[in-house]
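One-letter residues, chain by chain:
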Amino acid sequence: MNKNTVIGLTKKLTQGLSLDESQSKSLQYYLTKELPAVLAKNPQILSHLLYQKEPRHNAIAEQGLIGRILQYPQTVLPECTGMTKEYFYLQEYAMLFEAIQFLADNNKTVNVDVVASVLGEDKIAEYGGRHWIESLCVTGEGSKDLIDQVVKAYKLRELWKHSNQVLQDLHKCDLNDADALLEKFKAKLDIEDATRDNMSDSKSLAKLMSAEFDKTLNRIEQGIIYPGHLFPIKRMNQLTGGAENGMLIIKAARPGMGKTADAICEMLYSAMELNEVDVFFSLEMPKIKLLLRMFFIRKRVKKYDWDNGLQNNHFRNLFMDFLDEVEKSKIFIDDTPGITWRHIRDKCLKIKNKHGKIDRVFIDYLQLMSSIEGQNREQQISAISRNLKGLAKELDCPITALSQLSRAVESRGGSKRPQLSDLRESGAIEQDADIVEFLYRPEYYDFYEDDDGTSLRGVLEKIIAKNREGALESLKVFFDAEYTAIRELDERPDGYINETHKAKMRQENGFTEINDDPFLPEI
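The numbers attached to residues start from 1 for each chain and follow its sequence in the written order. Residue-level local features of this predicted model are given only where pLDDT is at least 70; pairs of side-chain atoms are given and counted only at 80 or more, and the full residue set underlies all totals for whole chains, interfaces and linings. Values reported for side chains reflect all heavy atoms of the structure, with hydrogen atoms and water molecules removed beforehand.

## Some remarks on the sheet that holds strand E3 (residues 330–334)
With mixed pairing, nine strands are arranged side by side in an open sheet as E3-E2-E4-E5-E1-E6-E7-E8-E9. This sheet does not close on itself; its edge strands, each paired only once, are E3 and strand E9 (485–487). The sheet shows a mean angle of 25° between the axes of neighbouring strands, taken without regard to direction. Bridge count between strand E7 (residues 459–467) and strand E8 (residues 474–480): five bridges; the pairing is antiparallel. Residue pairing across strands places Leu 460 opposite Val 477, the latter belonging to E8. In this description, contact between two residues means that some pair of their heavy atoms is separated by no more than 4.5 Å. Angular values range over 0 to 180 degrees, each being the angle between N-to-C directions of two axes fitted as lines to C-alpha atoms, with helices fitted over their stretch in contact. We count a stretch as a helix when DSSP gives it H or I for four or more residues in a row; a strand needs E for two or more, and each element gets its number in order from the N terminus. Where helix H15 (residues 287–299) meets the sheet, it contacts strand E2 (277–282), E3 and E9, and its direction lies at approximately 140° from that of E3. By this definition, two strands are paired if DSSP reports at least two bridges between them.

Structure below.
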């Protein structure tokens, strides 16, 4: 049924006139079948009917911008990089811009005659033909102002369109769909500004380098050795320069290697020794369990003593000391399961707005995050990884994301040391990360000595498999299993050192008398 017929039948009804059976059936079919289908494809029509307004647009700016492009294509077109015909609401200007883009993409001359020829007389006749296109070429506002107005109007239309879609979805969803719908709405509202210009010329680049030089010199004069946030392990700082702002650090291992323990130790050092603002997203472990792990590591309390020795004043005092430290620190813990990167972003921005900065963000762990992007899990992990890298730059702080490794490690022969190809579900993690750090405990796989006979008991290897800012290296630290803590290797007790290695150390250090033997207990 065409528009005029619908209008005619509707007028008859409003005037109190009756319809014959055929007209009545036709109108009923249109209202129940055809109209809902049209509204589903074009939700903005419903808004127009409800609010009696056209979607936001600026006809003068659209006309002016097309005119400026036709007059000065070599100057104005580069400023329109990223724009498409969808940025223009009025069909005639969208049509002209598409033709101009076609010519520019094919290195053709852009002027009134060529544009008119590309479109053809039939398309432009209803608007006034070639003379209409010529009439657009008048002097007016600068191109940047016109682009700004067109882009802002486009953004408002996109918000309007997405809001209408969400309103339709709200009518159809049930309570169980609420979180998914909210996430979908946030994704739609994240309208990319393709026209944003991040290009810097030579003068701007020189100015940027000069500022970086002054910043580095000021840091050195203050006695600050490394540019990034410090790790508790000294060799890590030497290798990486610390965790620099904007970095995405991937800490990956098979289960049971100590990923969470290592992340907790880094957070405790950052928050309680350096007084930094730290945010920890624990997707696997409830926050009370995480706090207890922090307590065991910080105060060197064994879980058995916590479970059975709280009546002891010593443990009570340690616990009260730890509570005081937590209250004074700037640690934030969130244990929302299946959290999305957008929720992480929202929560971090709230903390940053309140405290002025965030120094470190930890996520335990990446594969437990949710995403609505991508058709399969590999694509979703890729999207999460990419968005976390962008978030690190937006928050201006390093993000450390823990990651699982594939089971291929277990089936591999030899030492079973992990490698980059073991990163689970996505090679994009390797691509997006600035640092990829594998954790590996030889004794987990029943390797207790190295080739030189040196004890590997209590040894955890930090394998730096990717490092944008420095060398690749494997460094050894002490995995303190009693407290599930990561410490410097020289903190490993003598009991972890085997007799072969003790004899080697005695010989190297020239201990001949039994009373000189450093490995014998004091009497």
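Okay, back to it.
## What to know about the environment of Pro 337
The topology assignment puts Pro 337 in the loop between E3 and helix H18 (341–355). For the exposure calls, accessible area comes from a 1.4 Å probe over protein chains only, and a residue counts as buried if that area is under 20% of its type's maximum, exposed if over 50%, partly exposed in between. Take Pro 337: its relative accessible area is 62%, and that puts it in the exposed class. On a C-alpha basis, the gap between Pro 337 and Glu 284 in space is 7.0 Å, while along the polypeptide they are 53 residues apart.

## Some thoughts on the packing of helix H4 (residues 59–71) against helix H6 (residues 91–105)
Following both chains from N to C, one finds H4 and H6 inclined at 25°, their axes separated by 10 Å at the closest point. Looking at the two axes, H4 sits roughly parallel to H6. Taken as a pair, H4 and H6 cross one another with a handedness that is left-handed. Mapping the contact onto sequence places Ala 59, Glu 62, Gln 63, Ile 66, Ile 69 and Leu 70 in H4 and Tyr 93, Leu 96, Phe 97 and Ile 100 in H6. Of the residues that constitute the contact of H4 with H6, the class distribution is eight nonpolar, one polar and one charged. In what follows, roughly perpendicular refers to angles from 65 to 115 degrees, roughly parallel to angles under 35, roughly antiparallel to angles over 145, and oblique to any angle outside these ranges. Crossing handedness is read from the near helix: turned anticlockwise from the far helix by less than a right angle, it gives a left-handed crossing, and turned clockwise, a right-handed one. Residues were grouped as follows: Ala, Val, Leu, Ile, Met, Phe, Trp, Tyr, Cys and Pro as nonpolar; Asp, Glu, Lys and Arg as charged; and all remaining residues, including Gly, as polar.

## Some words on H4
For H4, which comprises 13 residues, the first-to-last C-alpha distance of 18 Å matches the rise-based estimate of 18 Å (1.5 Å per residue) to within 8%. All of the buried residues in H4 are Ala 61, Glu 62, Leu 65, Ile 66, Gly 67, Arg 68, Ile 69 and Leu 70. Here a polar contact means two N or O atoms within 3.5 Å. Within protein one must be a hydrogen donor candidate and the other an acceptor candidate, and residues neighboring in sequence count only if both atoms are side-chain atoms. Where H4 starts, the residue carrying a side-chain oxygen 3.3 Å from the main-chain nitrogen of Ile 60 turns out to be Asn 58. Given a helix with a known number of residues, its expected span is that number minus one, times 1.5 Å.

## A closer look at the side chain of Arg 441
The topology assignment puts Arg 441 in the loop between strand E6 (435–440) and E7. Counted as positive: Lys and Arg. Counted as negative: Asp and Glu, with His and the chain ends omitted from the count. Between Lys or Arg on one side and Asp or Glu on the other, a salt bridge is scored when a side-chain nitrogen of the former is within 4 Å of a carboxyl oxygen of the latter. This buried residue, Arg 441, is left without a salt bridge; Glu 443 holds the nearest opposite charge, at 4.4 Å. Within polar-contact distance, the side chain of Arg 441 engages the backbone oxygen of Gly 256 at 2.8 Å. Beyond its immediate chain neighbours, meaning those up to four positions away, Arg 441 contacts Gly 256, Met 257, Val 459, Leu 460 and Phe 479.

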